[in-house]
Amino acid sequence: MRRAGAPFERAPGELAAHTMVTTGAMTKRIDRLERAGLVARRPSQTDGRGRVVALTPAGRELIDQAFAEHMRYERRLVDLLTPEQAAQLESLLTTWLACFETPLPARDTTD
């Protein structure tokens, strides 16, 4: 949801597809996040039957903190490499990702 940009929300089906879990598993995760005050559900403004899940201010703060910590950790790992090794790693990862990162077909996201 954070990567979606403002207003930081997605349909539950979209979340399930992006995280590669079943809709049932996603429902359980959303339930836990909602109980923790990190997300809120509301009716979709574009689909009368659909719902969307949005980050709450507390959820956005938590994910921003976690992302910053992840970036610090990633930087520490890359700093172990020489500049030449880092450039090689970047090139290899770019090639590797291109092998399987193809655009996904459009999906029906109504739930």
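Note on numbering: residues in each chain are counted from 1, in written sequence order. Only residues with pLDDT of at least 70 get local features here, since the model is predicted, and only at 80 or more are side-chain atom pairs given and counted; chain-wide, interface and lining totals rely on the full set of residues. To obtain the side-chain values, all non-hydrogen atoms of the structure were used and water was disregarded.

Where do I start with the pairing of strand S3 (residues 51–55) in this structure?
Burial within S3 is extensive, with 4 of its 5 residues counted as buried. Relative to S3, strand S1 (residues 9–10) is paired through 2 bridges, and the arrangement is antiparallel. Opposite Arg10, over in S3, you have Val53 as the bridge partner. Only protein chains enter the accessibility calculation, which uses a 1.4 Å probe; a residue whose area is less than 20% of its type maximum is buried, one above 50% is exposed, and one in between is partly exposed. Strands are runs of DSSP state E lasting at least 2 residues, helices are runs of H or I lasting at least 4, and numbering of each runs from the N terminus. In this analysis, strands are considered paired if DSSP registers two or more bridges between them.

Could you clarify how one ought to interpret helix H1 (residues 12–19) in this entry?
Each α-helix turn comprises 3.6 residues. Residues three or four places apart therefore point the same way. Considered for burial, the residues of H1 that qualify are Pro12, Gly13, Leu15 and Ala16. Buried residues along H1 cover an arc of 160° about the axis, so they all sit on one side. Count one or two residues on from H1 and you reach Met20, which has phi positive near 60°. The arc refers to the directions leading from the helix axis to the C-beta atoms.

Before we go on, may I ask you to explain the layout of surface pockets in this structure?
Gaps left between atoms are located by rolling a probe of water-molecule size over the structure's atoms. Definitions used for this entry: grid spacing 1 Å over protein atoms alone; cavity, a set of points where a 1.4 Å probe fits but cannot get out; pocket, an open set with protein on both sides within 12 Å along at least 5 of 7 lines; lining residue, one with an atom within 4 Å of a point. Grid points are joined across faces, edges and corners, and a volume is the space filled by probe spheres set on the points. The computed volume of the largest pocket comes to approximately 830 Å³. The wall of the largest pocket is formed by 22 residues, among which Met1, Arg3, Leu15, His18 and Thr19 lie closest to the centre. Elements supplying a minimum of two residues to the lining of the largest pocket: H1, helix H2 (23–35), S3 and helix H3 (57–78). Residue classes follow a fixed rule: Ala, Val, Leu, Ile, Met, Phe, Trp, Tyr, Cys and Pro count as nonpolar, while Asp, Glu, Lys and Arg count as charged, and any other residue, Gly among them, counts as polar. Grouping the constituent residues of the lining of the largest pocket by class yields 15 nonpolar, 3 polar and 4 charged.

When you look at the pattern of salt bridges in this model, what are you seeing that I'm missing?
A side chain with one charge can pair with a side chain of the opposite charge if their charged atoms come near. One speaks of a salt bridge when a side-chain nitrogen belonging to Lys or Arg is within 4 Å of a carboxyl oxygen belonging to Asp or Glu. Inspection of the entire model under this criterion finds 7 salt bridges. Ionic pairing is found between Arg41 and Asp31, a salt bridge with its closest N-O pair at 2.7 Å. Linking Arg41 in strand S2 (residues 39–43) with Asp31 in helix H2, this pair joins segments that are 10 residues apart in sequence. The partner of Glu69 in a salt bridge is Arg76, and the shortest N-O contact between them spans 3.9 Å. The structure contains a network of salt bridges with shared partners spanning Asp31, Glu34 and Arg41.

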